[in-house]
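Commentary on secondary and tertiary structure
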Amino acid sequence: MTIKLKPIASLACALALSLGAASAAQAADAHAISIKDAWVRWLPNNLPAAGYATLVNASDKPIDLVDVSSDDYGDAMLHQTVSNGSTQKMVMVDKLTVPAHGQVAIAPGGYHVMLEDAKHKVAPGDTVRLTLKFSDGETVSAPFAVKSPGQTK
Ligand SMILES: [Cu+2]
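Residue positions within a chain follow its written sequence, with the count starting from 1. Under the rules for a predicted model, residues below a pLDDT of 70 receive no local features and side-chain atom pairs below 80 are neither given nor counted, while totals for whole chains, interfaces and linings still include all residues. Computation of side-chain values covers all heavy atoms of the structure but excludes hydrogens and water.

Per an unreviewed UniProt entry, the protein chain is named Copper(I)-binding protein, and its organism is Paraburkholderia tuberum.

A few words on unusual backbone geometry. Most peptide bonds are trans, and most residues other than glycine sit at a negative phi. Despite not being glycine, Asp37 shows a phi value in the positive range, around 50°. Mapping Asp37 onto the fold places it in strand S2 (residues 33-41). In this model, His101 sits at a positive phi of 50°, which is unusual for a non-glycine residue. In DSSP terms, a helix is any run of H or I states spanning at least four residues, a strand is any run of E spanning at least two, and both are numbered starting from the N terminus.

Let us now look at the coordination of the copper ion. Each metal's donors comprise the N, O and S atoms found within 2.8 Å of it (within 3.2 Å for Na, K or Ca). Water is not part of the atom list, so some coordination spheres may appear incomplete. Only His79 (ND1), Met90 (SD), His112 (NE2) and Met114 (SD) from the protein coordinate the copper ion, and they sit 2.1 to 2.4 Å from it. Here a site with four donors is tetrahedral if all angles are between 85 and 135 degrees, and a site with four or six donors is square planar or octahedral if opposite donors are over 155 degrees apart and the other angles are between 65 and 115; anything else gets the irregular label. Taken together, the four donor atoms coordinating the copper ion and their angles of 85 to 120° define a geometry best described as tetrahedral. Positions of the donor residues of the copper ion along the chain correspond to the pattern H-x10-M-x21-H-x1-M. With His79 in strand S5 (residues 73-84) and His112 in strand S8 (residues 111-118), the pair connects residues that are 33 residues apart, well separated along the chain. Relative accessible area decides the class of each residue, using a 1.4 Å probe on protein chains only: under 20% of the type maximum gives buried, over 50% gives exposed, and in between gives partly exposed. Owing to a relative accessible area of 0%, His79 belongs among the buried residues under this scheme. Residue His112 is classed as buried on the basis of its relative accessible area of 6%.

So, on to the pattern of salt bridges. In a structure, side chains of opposite charge can pair up when their charged atoms sit close to one another. Only one rule defines a salt bridge in this text: a Lys or Arg side-chain nitrogen within 4 Å of an Asp or Glu carboxyl oxygen. Throughout the structure, instances matching the rule amount to one salt bridge. In this structure, the salt-bridge partner of Lys95 is Asp64, at a minimum N-O distance of 3.4 Å. Here the residue Lys95 occupies a position in strand S6 (residues 87-98), and Asp64 occupies one in strand S4 (residues 63-70), the gap between them amounting to 31 residues. Of the residues examined, Asp64 reaches a relative accessible area of 14% and is grouped as buried.

This part takes up the pairing of S4. Looking along a regular strand, one sees the side chains alternate between the two faces of the sheet. Within S4, seven of the eight residues are buried, which leaves it mostly tucked inside the rest of the structure. The rule for pairing is simple: two strands pair if DSSP sees at least two bridges between them. Note that S4 and S6 share three bridges and pair antiparallel. What sits directly across from Leu65, in S6, is Leu96. As paired strands, S4 and strand S9 (residues 127-134) are joined by five bridges and run antiparallel to one another. Within S9, the position partnered with Ser69 by the bridge is Thr131.

Attention shifts here to the environment of Thr127. Along the chain, Thr127 falls in strand S9. Taking the C-alpha atoms as reference points, Thr127 and Lys147, separated by 20 residues in sequence, lie 9.1 Å from one another. Beyond its immediate stretch of four places on either side in the chain, Thr127 contacts Pro143, Phe144 and Val146. We call two residues contacting when some pair of their heavy atoms lies within 4.5 Å.

Following this line, the structure appears as structure tokens:
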């Protein structure tokens, strides 16, 4: 396993995480990483939303997702839902490896990008934008379709 997990202190997901500025230079034309099926499960009353997507690596080397940020939310962080006997909890994920010539799903029941503190009104039908930063220096900004709470994909 190349996924490093760190327990988070509170279910409020309030752990401070330095998201850094997405100032990395744009990668060369041939992007190793592409983002598919990107969507956000919206929740009412300013509850945190969850972002989901499939990351595809076209290169012959594994590449790690190392940072997520969004201009639409004050906080964006990669979490994993893990079950602990009878309970579930979320843990912070420092990096998520996309295998060479492979893909990894950030999907309900597994990983999610926790999105908190929307900077403006966001509702189902909207599109928000997330910026994903990878270990090869590539930064990908992708549109995520905002969907209602009943959606599962
Ligand atoms: Cu979370």
